[in-house]
Amino acid sequence: SQPWPGPPPQPEILAPNPPQETWASKYKFLLSCLGCCVGLGNVWRFPYLCYRNGGGIFLIPYFIMLLIMGLPLFLMELSLGQYGTAGPITVWKCCPLLKGVGVAMLIVSSLVSLYYNVIIAWAFYYLGSSFQSPLPWSCDAPRNADLCQVVAGMVTCWGCVLQNTSGSARRDSASEVFWNEQVLGVTHSSGLEDPGPVQWPLALCLLVAWILVFLCMLKGIRSSGKAVYFTAPFPYLVILILIIRGATLDGSLNGIRFYLSLDWSRLQSAQVWSDAASQIFYSLGIGFGGLLSMASYNKFDNNVIRDTLVITIGNCCTSFFAGFAIFSVLGHMAWRNQVPVGSVADSGPGLAFVAYPEALSLLPGSPFWSILFFLMLFTLGVDTLFGNIEGITTAILDEFPALRDWRRKTALLGVLCTSFYLLGLLLVTQGGIFWFTLIDTYSTGFGLIIVTLFMCLGIAFCYGVNQFCQDILDMICRCPPWCSHMLGYFRVCWVFFTPCLLLFTLIYTFLDMYTVPLRYGTYEYPAWGTSLGICMGVLTCLQIPLWAAVALCRESGTLSDRFQKAIQTLRSWRMAAAWDVAGDVIDVPFTITLTGSD
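Residues numbered from 1 in each chain as written. Predicted model: local features only at pLDDT ≥ 70, side-chain atom pairs only at ≥ 80, totals over all residues. Heavy atoms only, no water.

By the naming in an unreviewed UniProt entry, the chain is Transporter, taken from Pelecanoides urinatrix. The UniProt entry for the chain carries this comment under Subcellular location (unreviewed entry): "Membrane". Here is the UniProt Sequence similarities (unreviewed entry) comment for the chain, exactly as written: "Belongs to the sodium:neurotransmitter symporter (SNF) (TC 2.A.22) family." (UniProt positions renumbered as here; feature names shortened; annotations may be inferred.)

Here it is in structure tokens:
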């Protein structure tokens, strides 16, 4: 053989990047995830769905959907983030063909962050107003004397439906007038095409909300992890206090009976099962990328199955017990006004900012209870927003590592918060509630379900469900027997049951979208407004085929060869997983490349 010409080649060792920061304790991660999942929907949507869909019977499809769809998808997101130690875009090194799923998650999180902080601004406005006595939306306030007077032939009522011998009539309550005229100013707008001027008190509240988010997220999980020690447990304390207080009120049992009334015939309705699936899907925060990002800061050997069970069951129990706090007080209001409980029940902003504040205004010491309630809404909203913003920043920093420097990261966070604030000003105009409802309906509609469906199918069939289960076992070094048994159950769900349920939910969402026109109160959205909303969902979905096409174009060969190469795991995916969070290398794979001729 010929002697080697020149100096011997030096081996090029491809080592993984140093690990990113991790959670200081597992409790910060659990509280952050629980705070991200337990949001406003647990308080203002679940109780309404429960009474609308057969009362306590709704819990049967609800927990079935949790077992078959919620738990498997939640575990999938946490496992992806923890094993890959990356955000929603970079984590798809496990299957480059599906990088568009991560980009779509980023778009969904951005749209949600845009309008979600507006809810926090509303809560701020009401929180500040709660320090007045009497409350400005109560009948004790002098400005509301005309709204609360007794009308001949009708019963005294602070809102709802007033009945007399000739039928029923509708009057705006004091709380509705306060919400529509003083807070929103929506009475001065005719619809989407007429946003009107900005409501500057709300704009100021929105600015304060974004400043607080910026300060809490300034040092990443180090600062937000400390904030959740207050923001995560506080709602539970308030819910417990409201349950105890509500149990002492006259008529509260009527509200609880209404909440838990059994109607077995409702189980035959597809609407009930669709509502249960959608509530599980949205309340757990699946498909937004926030959970995946927060899990990426976990220690590699964290028991992700245990965390999944704790967080998901805790989230669902919170929804159930929040219903007692809501309906006990609404039952008292119905008793005071001598109307059925169903006539005062509502969901969404109508419950949080009209019906429930009105009920609180009837209690002795109403300002105190109002302050507690809106402070709870604030903490619920902020925790969820932390998860969304964390998902956005982690996705960007993973794709552009040069921004990880503290100053550049701070500048990035400042640009994001400023941009969201300026764009959110549209939602605090006099017609902003119409735009809010449009974005809320379509940003997390069919597009989010399709994104999650592709995530599930991609991991199960492209990456490989057996390989994914092995990755989970690798993370849980000392895997208890029950974890192994549960993985067998999750494997079946990921391959068959969960995709089927997602497909069912998607089909029902499309049917509902095309058969029930979008409305806000009596205002029906025009065709161009609905089309604009559909475009939001389509924009999200388009990321999947767009980035799949990019991945295919980067490969060579026939279309079949390109596809096979595009679903192959990148080498950096395994190398990232080889780092222990303490910085010690465990089983690091490396490649030695020789330069020169033989």
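## Some words on the side chain of S274
Mapped onto the elements, S274 comes out in helix 11 (residues 270-283). Apart from residues no more than four positions distant in its own chain, S274 is found in contact with F504 and Y508. (Helix = DSSP H or I, 4+ residues; strand = E, 2+ residues; numbered from the N terminus. Contact = heavy atoms within 4.5 Å.)

## Things to note about the packing of aromatic side chains
By the definition in use, this model includes 47 aromatic pairs. Aromatic side chains Y115 and F436 sit 5.3 Å apart centroid to centroid with 90° between the ring planes, which places their arrangement in the edge-to-face category. Linking Y115 in helix 5 (residues 99-129) with F436 in helix 17 (residues 432-443), this pair joins segments that are 321 residues apart in sequence. On the accessibility criterion, Y115 (5% relative accessible area) is buried. (Phe/Tyr/Trp six-rings, centres within 6.5 Å; stacked < 30°, edge-to-face > 60°. Buried < 20%, exposed > 50% of the residue type's maximum accessible area, 1.4 Å probe, protein only.)

## As for the packing of helix 11 against helix 19 (residues 481-515)
Angle between the axes and distance between the axes are the two parameters that describe a pair of packed helices. Direction vectors running N to C along helix 11 and helix 19 enclose 110°, while the axes themselves pass 10 Å from each other. Judged by the angle between their axes, helix 11 and helix 19 are roughly perpendicular. Viewed along their axes, helix 11 and helix 19 form a crossing whose handedness is left-handed. Of the residues in helix 19, those touching helix 11 at A270, Q271, W273, S274, A277 and F281 are L502, F504, T505 and Y508. Of the residues that constitute the contact of helix 11 with helix 19, the class distribution is 7 nonpolar, 3 polar and no charged. (Axes fitted to C-alpha atoms, helices over the stretch in contact; angles between N-to-C directions. Parallel < 35°, antiparallel > 145°, perpendicular 65-115°, else oblique. Left-handed = near helix turned anticlockwise from the far one by under 90°. Nonpolar A, V, L, I, M, F, W, Y, C, P; charged D, E, K, R; others polar.)

## Considering the pattern of salt bridges
Per the stated rule, a full pass over the model turns up 4 salt bridges. Close ionic contact of E399 with K99 constitutes a salt bridge, the shortest N to O distance being 3.5 Å. Of this pair, E399 sits in helix 15 (residues 366-399) while K99 is found in helix 5, placing the two residues 300 residues apart along the sequence. (Salt bridge = Lys/Arg side-chain N within 4 Å of Asp/Glu carboxyl O.)

## Some remarks on unusual backbone geometry
Put simply, S133 and P134 share a cis peptide bond, and its omega is 0°. Along the chain, P134 falls in the loop between helix 5 and strand 1 (161-164). For T85, which is not a glycine, the phi torsion comes out positive at approximately 45°. Looking at the element boundaries, T85 is found in the loop between helix 4 (59-84) and helix 5. With a phi close to 55°, Q338 is a non-glycine residue in the positive phi region. Relative to the assigned elements, Q338 resides in the loop between helix 13 (304-337) and helix 14 (349-360). Q338 sits in the exposed class, given a relative accessible area of 65%.

## Quick word on the environment of N466
Tracing the backbone shows N466 in helix 18 (residues 446-475). The class for N466 is exposed, based on a relative accessible area of 52%. Note: C-alpha distance between N466 and G488 (22 residues apart in sequence) is 9.8 Å.

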